[in-house]
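# Observations on chain architecture
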Amino acid sequence: MGTQTAEETFTLEEILASVKDSNRLILWNDETNTFDHVIHCLMYHLQYTEKQAEKIAWKVHTEGKCAVLEGTFTEMEIYRKILKAEGLTVSVE
């Protein structure tokens, strides 16, 4: 009985981000998600208050993006996957 592993590839940008002390999770504006959905996700997954989540959602809408979390690359990657699964457009910088 053998062990199978899945191969995962990374871009140079992702590798460089992984060695930085701190990375940011960026939420991007899109034409798909409603304010209510974005606010709900920020409150549920990132424990923002409703007022904080509304302020972030408005900043994303008006400026195109907003840093919503900061930490290690691994932490940001976990939250990126969670928010992406909710349909949000997110990246790690």
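Scroll up for the structure.
The structure reproduced in this document is the subject of the present report. Every chain is numbered independently, its residues counted from 1 as its sequence is written. Local features in this predicted model are restricted to residues whose pLDDT is 70 or higher, and side-chain atom pairs enter the listing and the counts only when it is 80 or higher, whereas totals over whole chains, interfaces and linings include all residues. Each side-chain value is derived from all of the structure's non-hydrogen atoms; neither hydrogens nor water enter the calculation.

For the rest of this paragraph, the subject is the nonpolar core. Throughout this description, the term nonpolar core refers to a set of buried Ala, Val, Leu, Ile, Met, Phe, Trp, Tyr and Cys residues connected via side-chain atoms within 4.5 Å. Accessibility here uses a 1.4 Å probe with only protein chains present; expressed as a share of the type maximum, an area under 20% marks a residue as buried, one over 50% as exposed, and anything in between as partly exposed. By size, the foremost hydrophobic cluster in this structure holds 19 residues, and its most contacted members are L25, L27, L42, I56, V68, L83 and L88. Of all the secondary-structure elements, those providing two or more residues to this core are β1 (23-28), α2 (35-46), α3 (50-63), β2 (65-71), α4 (73-85) and β3 (89-92). Only DSSP runs of H or I covering at least 4 residues are called helices, and only runs of E covering at least 2 are called strands; the numbering of each starts at the N terminus. Broken down by element, the residue count for this core peaks at five residues, all from α2. Whether two residues are in contact is decided by their heavy atoms: any pair within 4.5 Å suffices. With residues up to four places along the chain from it excluded, the contact list for V68 reads L25, L27, L42, L46, Y48 and I56.

Time to look at α2. When the terminal C-alpha atoms of α2 are compared, their 16 Å separation across twelve residues agrees well with the 16 Å that a helix rising 1.5 Å per residue should span. Within α2, burial applies to V38, I39, C41, L42, H45 and L46. End-on, the buried residues of α2 take up no more than an arc of 160°, which puts them together on one face. Exposed side chains of α2 directed beyond 90 degrees from the buried face belong to D36 and Y44. Take the number of residues in a helix, subtract one, and multiply by 1.5 Å to get its expected span. Throughout, the arc means that of the directions going from the helix axis to the C-beta atoms.

The subject of this paragraph is the pattern of salt bridges. What makes a salt bridge here is a side-chain nitrogen of Lys or Arg within 4 Å of a carboxyl oxygen of Asp or Glu, nothing more. Counted under the stated rule, the structure contains three salt bridges. A salt bridge links K65 to E93; the nearest nitrogen and oxygen atoms lie 3.9 Å apart. Linking K65 in strand β2 with E93 in the segment after β3, this pair joins segments that are 28 residues apart in sequence. Using a relative accessible area of 35% as the deciding quantity, one classes K65 as partly exposed. Through salt bridges that share partners, R24, K65 and E93 make up one connected network.

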